[in-house]
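Survey of secondary and tertiary structure
As a plain string of letters, each chain reads:
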Amino acid sequence: MNYIQAFFMSFGMFTSIPCPYRPWNEKARHLMLVFLPLVGLVIGFIWYGLYLLMGWINIPLQLQTAVLMLYPYLITGFIHLDGFMDTSDAILSGRPLEEKLRILKDPHTGAFAVISVGILFVFCFASMLSAIEQLHFRQALDISEGDPMLALILIPMITRCCSAIAVLVGKPLAHSQYKEELGTKKPVAKVTAISLMGLAAIVAAFAIGMGIFVNEASYSVPLVLTVAVAAYLAAMFGAVRQLKGVSGDVAGYALTIGEAFAIVMLALLS
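Residues numbered from 1 in each chain as written. Predicted model: local features only at pLDDT ≥ 70, side-chain atom pairs only at ≥ 80, totals over all residues. Heavy atoms only, no water.

1. Here we look at the nonpolar core
Residues Trp-47, Leu-120, Met-149, Leu-152, Ile-155, Tyr-232 and Met-236 are the most contacted members of the largest nonpolar core, which totals 78 residues. Filtering out sequence-adjacent residues up to four positions away, Ile-155 remains in contact with Trp-47, Val-224, Leu-225, Glu-259 and Ala-262. (Core = buried A, V, L, I, M, F, W, Y, C linked by side-chain atoms within 4.5 Å. Buried < 20%, exposed > 50% of the residue type's maximum accessible area, 1.4 Å probe, protein only. Contact = heavy atoms within 4.5 Å.)

Shown next as structure tokens:
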């Protein structure tokens, strides 16, 4: 029962999707991260379904782009984007460590956060528009080379898998909510992290197999996922080097960057 409650707790905290069943069990709280990748998979299926629906009803490409680009932020209630902005403010401030940590906890929005989210949105919009336009052009010419947009299903899952692992095995910052939650459950956390790594490997193998045997997306999907993981790791290592630890905000920062680079790669491969 704890696992079922933990899934819905994770679903309720990390998405803005209405759900009539919203339990809260403190004993299951440490299991919420276990189900974060599964929550990401739900988000991914809706993302790809939205892409198919808007193409089917022939919505203008620019409007499709705006909806698909904003979807990952809207569906999560901006929780990860908030972490991206807070962490950007702290890292780009160039201040000593103590001051960076103070900025990270500050609820006010700084100039670096606004600039960073502006750059993020420009790149994501341009990349999503490029991917949709190229696919639309190929379909108009009746060229069947598979659908790289299938990557939308797995991008949210793989980045959340990375976030769960980072929080479970990384050194938590002093103000992180996960410090107390996971402090007495490190052995369980490590086993869970290993399980999540195995899950990520299975997903990658499935994506490659899908490209080889089904010929739906060739190698586009695994390449996009690889870039997402690489960008996530680079962002996480950079943030940890600056802040000396991991928190929910830092995980959201790396997740947002990982998904943004995945969309850029999707445009390059479309």
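2. Brief notes about the pattern of salt bridges
As enumerated under the stated definition, the model contains four salt bridges in all. Salt-bridge contacts for Glu-99 lead to Arg-95; the nearest nitrogen and oxygen are separated by 3.5 Å. Residue Glu-99 is classed as partly exposed on the basis of its relative accessible area, which comes to 24%. Three or more residues are tied together by salt bridges with common partners; here these are Arg-95, Glu-99, Arg-102 and Asp-106. (Salt bridge = Lys/Arg side-chain N within 4 Å of Asp/Glu carboxyl O.)

3. Some points on the side chain of His-80
In this structure, His-80 sits in helix H4 (residues 79-92). Leaving out residues up to four positions away in the same chain, His-80 has contacts with Phe-14, Arg-160, Gly-252, Tyr-253, Leu-255 and Thr-256. (Helix = DSSP H or I, 4+ residues; strand = E, 2+ residues; numbered from the N terminus.)

4. Focus: a nonpolar patch on the surface
Where nonpolar side chains cluster on the molecular surface, the patch consists of Leu-92, Phe-112, Ile-115, Ile-119 and Phe-123 and spans about 490 Å² of accessible area. Its relative accessible area of 53% is what places Phe-123 among the exposed residues. (Patch = residues over 30% accessible without salt bridge, like charges linked within 9 Å, V, L, I, M, F, W, Y side chains within 5 Å. Areas by Shrake-Rupley, 256 points an atom, 1.4 Å probe, with all protein chains shown as cover.)

5. So, the packing of aromatic side chains
Using the criterion set out here, one finds seven aromatic pairs in the structure. With 5.9 Å between their ring centres and 35° between their planes, Phe-7 and Phe-11 make a pair best called tilted. Residue Phe-7 and its partner Phe-11 are both found in helix H1 (residues 2-14); the two are separated by four residues, about one turn of the helix. For the pair shown, Phe-7 and Phe-11 are each scored as buried. Judged by centre distance (5.8 Å) and plane angle (15°), the ring pair of Phe-84 and Tyr-253 falls under stacked. One end of the pair, Phe-84, is in helix H4; the other, Tyr-253, is in helix H11 (residues 248-269), with 169 residues separating them in the sequence. Here Phe-84 falls in the buried class, since its relative accessible area comes to 6%. Among the aromatic residues, those joined into a ring-pair cluster are Phe-7, Phe-8, Phe-11 and Phe-35. (Phe/Tyr/Trp six-rings, centres within 6.5 Å; stacked < 30°, edge-to-face > 60°.)

6. Comments concerning the packing of helix H7 (residues 151-169) against H11
Two elements in contact, H7 and H11, have axes separated by 9 Å at closest approach and are oriented at 150°. By the criterion of interaxial angle, the relationship of H7 to H11 is roughly antiparallel. For H7 against H11, the interelement crossing comes out right-handed. For the pair H7 and H11, contact is made by Ala-151, Leu-152, Ile-155, Pro-156, Thr-159, Arg-160, Ser-163 and Val-167 and by Ala-251, Leu-255, Gly-258, Glu-259, Ala-262 and Leu-266, respectively. (Axes fitted to C-alpha atoms, helices over the stretch in contact; angles between N-to-C directions. Parallel < 35°, antiparallel > 145°, perpendicular 65-115°, else oblique. Left-handed = near helix turned anticlockwise from the far one by under 90°.)

7. Examining unusual backbone geometry
Even without glycine at this site, Asn-58 takes up a positive phi of about 60°. With respect to the helices and strands, Asn-58 occurs in the loop between helix H2 (36-56) and helix H3 (61-74). Positive phi, close to 65°, is recorded for Lys-244, a residue that is not glycine. Tracing the sequence through the fold places Lys-244 in the loop between helix H10 (220-243) and H11. By relative accessible area, which is 47% here, Lys-244 ends up partly exposed.

8. Brief notes about the environment of Ile-158
Within the element layout of this structure, Ile-158 appears in helix H7. Accessibility expressed as a relative area gives 6% for Ile-158, which makes it buried. When the C-alpha positions of Ile-158 and Glu-259 are compared, they lie 9.3 Å apart, and in sequence the two are 101 residues distant.

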